[in-house]
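One letter stands for each residue in the lines below.
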Amino acid sequence: ELIGRNKAFQDIRFLGTDTTQDRFGTVMQSMYSLFELMTLEGWTDVYRPIVTSEPWLALFFSMFIMVFSYGALNVVVAIVIERALSCR
């Protein structure tokens, strides 16, 4: 309920038509929107309207991006190294 059902965000539109209820209304929609943030694909479309309305959420989104992007990168590097070592 931090974003999806918060009355402060009810007038925010993403890409012209999506509302915060459309992007964060259910757990699955929230997971997809946060996945977009993590992969940095279209993250500004989600990030900018919310942070413009509530600037303190910039800390949440920035920390989320740093932690999960770094974690995903570590998983990819670990898989590459493990495969390289197993080929020896």
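Parameters at a glance
- Residues numbered from 1 in each chain as written.
- Predicted model: local features only at pLDDT ≥ 70, side-chain atom pairs only at ≥ 80, totals over all residues.
- Heavy atoms only, no water.
- Patch = residues over 30% accessible without salt bridge, like charges linked within 9 Å, V, L, I, M, F, W, Y side chains within 5 Å.
- Areas by Shrake-Rupley, 256 points an atom, 1.4 Å probe, with all protein chains shown as cover.
- Salt bridge = Lys/Arg side-chain N within 4 Å of Asp/Glu carboxyl O.
- Helix = DSSP H or I, 4+ residues; strand = E, 2+ residues; numbered from the N terminus.
- Buried < 20%, exposed > 50% of the residue type's maximum accessible area, 1.4 Å probe, protein only.
- Core = buried A, V, L, I, M, F, W, Y, C linked by side-chain atoms within 4.5 Å.
- Contact = heavy atoms within 4.5 Å.
- Phe/Tyr/Trp six-rings, centres within 6.5 Å; stacked < 30°, edge-to-face > 60°.
- Expected span 1.5 Å × (residues − 1).
- Arc of directions from axis to C-beta.
- Axes fitted to C-alpha atoms, helices over the stretch in contact; angles between N-to-C directions.
- Parallel < 35°, antiparallel > 145°, perpendicular 65-115°, else oblique.
- Left-handed = near helix turned anticlockwise from the far one by under 90°.
- Nonpolar A, V, L, I, M, F, W, Y, C, P; charged D, E, K, R; others polar.

Q: Is there a simple way to think about a nonpolar patch on the surface in this case?
A: A cluster of nonpolar residues, Leu59, Met63, Met66, Val67 and Phe68, forms a patch on the protein surface that exposes about 510 Å² of accessible area. Position of Leu59 among the secondary structure elements: in helix H4 (residues 57-86). Leu59 sits in the exposed class, given a relative accessible area of 60%.

Q: Even after reading the chapter, I still don't get the nonpolar core, so can you show me in this structure?
A: Across soluble globular proteins, nonpolar side chains show a tendency to be buried alongside one another. If you look at the biggest cluster of nonpolar residues, it comprises 15 residues, and the most contacted ones within it are Ile3, Ile50 and Phe61. For this core, the secondary structure elements donating two or more residues are helix H3 (43-53) and H4. Top contributing element to this core by residue count: H4, with five residues. Once you skip the residues sitting within four places of it in the chain, Phe61 turns out to touch Ile3, Leu34, Leu37, Tyr47, Ile50 and Val51.

Q: How do you make sense of the packing of aromatic side chains when you look at a structure like this?
A: The way to describe two aromatic rings as a pair is by their centre distance and the angle between their planes. Applying the stated rule across the entire model yields five aromatic pairs. Every member of this aromatic cluster is reached through a ring pair, and the members are Trp43, Tyr47, Phe60, Phe61, Phe64 and Phe68.

Q: Is there a simple way to explain the environment of Val80 in this structure?
A: Within the secondary structure, Val80 is located in helix H4. Taking the C-alpha atoms as reference, Val80 lies 33 Å from Ala58; in sequence the two are 22 residues apart.

Q: Explanation requested: helix H2 (residues 27-39) in the structure shown.
A: In an α-helix, one turn spans 3.6 residues, which is why side chains three or four residues apart end up on the same side. Look at H2: 18 Å from first C-alpha to last across 13 residues, which is about the 18 Å you get at 1.5 Å a residue. Taken as a whole, H2 has its buried residues at Ser30, Ser33, Glu36 and Leu37. Along the long axis of H2, the arc covered by the buried residues comes to 120°, so they all point the same way. Exposed residues lying more than 90 degrees from the buried face of H2 are Val27, Met28 and Tyr32. On its buried face, H2 sits against helix H1 (20-24), H3 and H4.

Q: Please explain the environment of Asn6 as it appears in this structure.
A: Looking at where Asn6 falls in the secondary structure, it is placed in the segment before strand E1 (13-14). For Asn6 and Thr20, which are 14 residues apart along the polypeptide, the C-alpha to C-alpha distance reads 8.6 Å.

Q: Honestly, the packing of H2 against H4 in this entry has me stumped. Any pointers?
A: The axes of two packed helices give the description: the angle between them and the distance between them. One way to put it is that H2 packs onto H4 with a least axis distance of 8 Å and a crossing angle of 70°. Comparing the axis directions of H2 and H4 gives the class roughly perpendicular. Crossing angle aside, the handedness with which H2 passes H4 is right-handed. Between H2, through Leu34, Leu37 and Met38, and H4, the contact on the second element is made entirely by Phe60, Phe61, Phe64, Ile65, Phe68 and Ser69. Classifying every residue of the contact of H2 with H4 gives eight nonpolar, one polar and no charged.

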